[in-house]
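Residue-level structural notes
What follows is each chain in one-letter form.
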Amino acid sequence: MTAVAASWLPLSAGERSVAIEVLVHGPLSRTELARRLDLSAGSLTRLTKPLIESGLLIEVPEAGTPAEVRQGRPSQPLDVVAESGSFLGFKITEDMVYGVVTTLRSDIVARHDRPLTSHDPAEVADLLAEMADELAREHPRPAGIGIGVGGLVHQRAVVGESPFLHWRDVPLGELVEERTGLPVVVENDVAALVEAETWFGAGRGLERFVVLTIGAGIGYGLVLGGRRVPYAEEDRGFGRHWIIDPNGPLTPEGARGSAVSLLTIPSIRYQVRAATGRDHSYEEILALAAAGEPMPARVVDEAGRALGVLVAQIANFAMPQKILLAGEGVGLMDVAAETVEDTVRVHRHPRAAPVDLETKVSDFHDWARGAAVLAIQVLVLGVADV
């Protein structure tokens, strides 16, 4: 596979700022775009002209404008040509790799998944290269690859630590680049999901935004001033030591009564198995709880209260405009939403504004899309400090 740069690369700093504004918030009129970027009309024309000529931006009709009026309009809104570039995104779990192809605006146009039968780094890189080749057959000339991994990632290239894959200091970006010839960005999977939701999803246009994920683990991402806040301890066990109930359950992962012990799928399954002697899937436990089966109902109710406390504490300290709840464990809200909402109210000031809690029913392709968004940001638009 050969890397092929889009015809509009590279972008100057000014062109980049215009492209990002239109990509995330467009279509935008030139007047609005100049206002947002504090540019004169002449400066904006100078910056947009090469972007239009290269095919990255396009003039589009204003919504609601009759066709006979559109012809010859001196200043039509600008939008990106979403199909001007395609990007590959991968999410690696303990036993699967989920792959997607997205447009420049992160719309998923293809999916491809493969079982992960080995955690050997070279074999994982081989598998990613095979999947990239298969996806590129239908969607040729991808501009780059984004990879999301549960773990600590250094410099968007090296997996410093991944408990799910049992990796330490694995140069995954280099391994995949060698096999594909494409530029690669590797990032913590929660960070990638937060970036995708901030640019193109639930957090678009918000100054203060939080993503909370529940599933195999607990993930957290904070956005302030419209930008994700990176931190050195990213995904080094968020939730294992966030104590929700000091008298709560003790599980193999996480301190007693921690968010991990109360909320993650493995911990919920462990608690039910320890109490009943029977192993159930997470979905079965939720169904049993909904049907009033005593022990599953108790465990799920405790999980609902734990989630309510966690959401309230995040709202109290981070003061976000919205909290997005995502991950493979969000089915908890189907059974315990009332418990969650009641608990949030109890742990908030009586006059506090209601918490805007949005639940996103998603699968691992959304996480793979997040990785593709990192590729768009870093490789294409040159956003170095996302």
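Scroll up a little and you will see the structure.
Residues numbered from 1 in each chain as written. Predicted model: local features only at pLDDT ≥ 70, side-chain atom pairs only at ≥ 80, totals over all residues. Heavy atoms only, no water.

Overview of the packing of helix α7 (residues 189–200) against helix α13 (residues 364–380)
- Between α7 and α13, whose axes approach to 7 Å, the crossing angle comes to 75°. Between α7 and α13, the crossing angle belongs to the class labelled roughly perpendicular. Residues Asp189, Val190, Ala191, Ala192, Leu193, Glu195, Ala196, Glu197, Trp199 and Phe200 of α7 lie in contact with α13, whose contacting residues are Asp366, Trp367, Arg369, Gly370, Ala371, Val373, Leu374 and Gln377.
- Along the lines of polarity and charge, the residues of the contact of α7 with α13 split into eleven nonpolar, two polar and five charged. (Axes fitted to C-alpha atoms, helices over the stretch in contact; angles between N-to-C directions. Helix = DSSP H or I, 4+ residues; strand = E, 2+ residues; numbered from the N terminus. Parallel < 35°, antiparallel > 145°, perpendicular 65-115°, else oblique. Contact = heavy atoms within 4.5 Å. Nonpolar A, V, L, I, M, F, W, Y, C, P; charged D, E, K, R; others polar.)

Side note on the sheet that holds strand β14 (residues 322–326)
- With mixed pairing, the five strands of this open sheet are ordered in space as β13-β12-β11-β14-β15. At either margin of the open sheet sits one strand with a lone partner, and together these are β13 (227–228) and β15 (357–359).
- Pairing between strand β11 (residues 208–214) and strand β12 (residues 218–224): seven bridges, direction antiparallel. For Leu212, the partnering residue across the bridge sits in β12 and is Tyr220.
- Contacts between helix α11 (residues 294–318) and the sheet are confined to β11, β12, β14 and β15, with β11 contributing the most and set at about 160° to the helix. (Pairing = 2+ DSSP bridges.)

Looking at the nonpolar core
- Residues Leu212, Leu263, Leu307, Ile314 and Leu332 are the most contacted members of the largest nonpolar core, which totals 38 residues.
- Counting residues per element, the ones that place at least two in this core are β11, β12, α8 (259–263), α9 (265–276), α10 (282–290), α11, β14 and α12 (332–346).
- Here the element with the most residues in this core is α11; it accounts for twelve residues. (Core = buried A, V, L, I, M, F, W, Y, C linked by side-chain atoms within 4.5 Å. Buried < 20%, exposed > 50% of the residue type's maximum accessible area, 1.4 Å probe, protein only.)

Here we look at the side chain of Thr213
- Tracing the backbone shows Thr213 in strand β11.
- You can call Thr213 buried: its relative accessible area is 4%.
- Residues within four places of Thr213 in sequence aside, it is in contact with Val190, Leu193, Ile218, Gly219, Ala326 and Trp367.

Some points on α10
- Of the positions making up α10, those classed as buried are Tyr282, Ile285, Leu286 and Ala289. What you see down the axis of α10 is that its buried residues fit within an arc of 100°, all on one side.
- Elements in contact with the buried residues of α10: α9, α11 and α12. (Arc of directions from axis to C-beta.)

Thoughts on the pattern of salt bridges
- Scanning the model with the defined rule gives 20 salt bridges in all.
- Asp279 serves as the salt-bridge partner of Arg273, at 3.2 Å between the closest nitrogen and oxygen.
- Residue class for Arg273 comes out partly exposed when judged on its relative accessible area of 34%.
- Connected through shared salt-bridge partners, Glu21, Glu32, Arg35 and Arg36 make up one network. (Salt bridge = Lys/Arg side-chain N within 4 Å of Asp/Glu carboxyl O.)

Let's talk about the pairing of strand β9 (residues 167–170)
- In this structure, strand β8 (residues 158–162) lies alongside β9, joined through three bridges in antiparallel fashion. Counted as the bridge partner of Glu161 is Arg168 from β9.
- The hairpin turn running from β8 into β9, its antiparallel successor, is four residues long, and His166 in that turn takes a positive phi close to 60°.

A look at the sheet that holds strand β7 (residues 152–154)
- Pairing is antiparallel in the open sheet, where three strands are placed in the order β7-β8-β9. Across the chains shown, the open sheet's two edge strands, defined by having one partner strand only, are β7 and β9. Each neighbouring strand pair of the sheet contributes to a mean axis angle of 15°, computed without reference to strand direction.
- Across three bridges, β7 lies against β8 in antiparallel orientation. The residue of β8 that forms the bridge with Val153 is Val159.

Remarks on the packing of helix α1 (residues 13–25) against helix α3 (residues 41–53)
- Contact geometry for α1 and α3: axes closest at 9 Å, N-to-C directions at 80°. Judged on the interaxial angle alone, α3 and α1 are roughly perpendicular. Residue-level contacts link Gly14, Glu15, Val18 and Ala19 of α1 to Leu44, Leu47, Thr48, Pro50 and Leu51 of α3.
- Looking at the contact of α1 with α3, its residues break down into six nonpolar, two polar and one charged.

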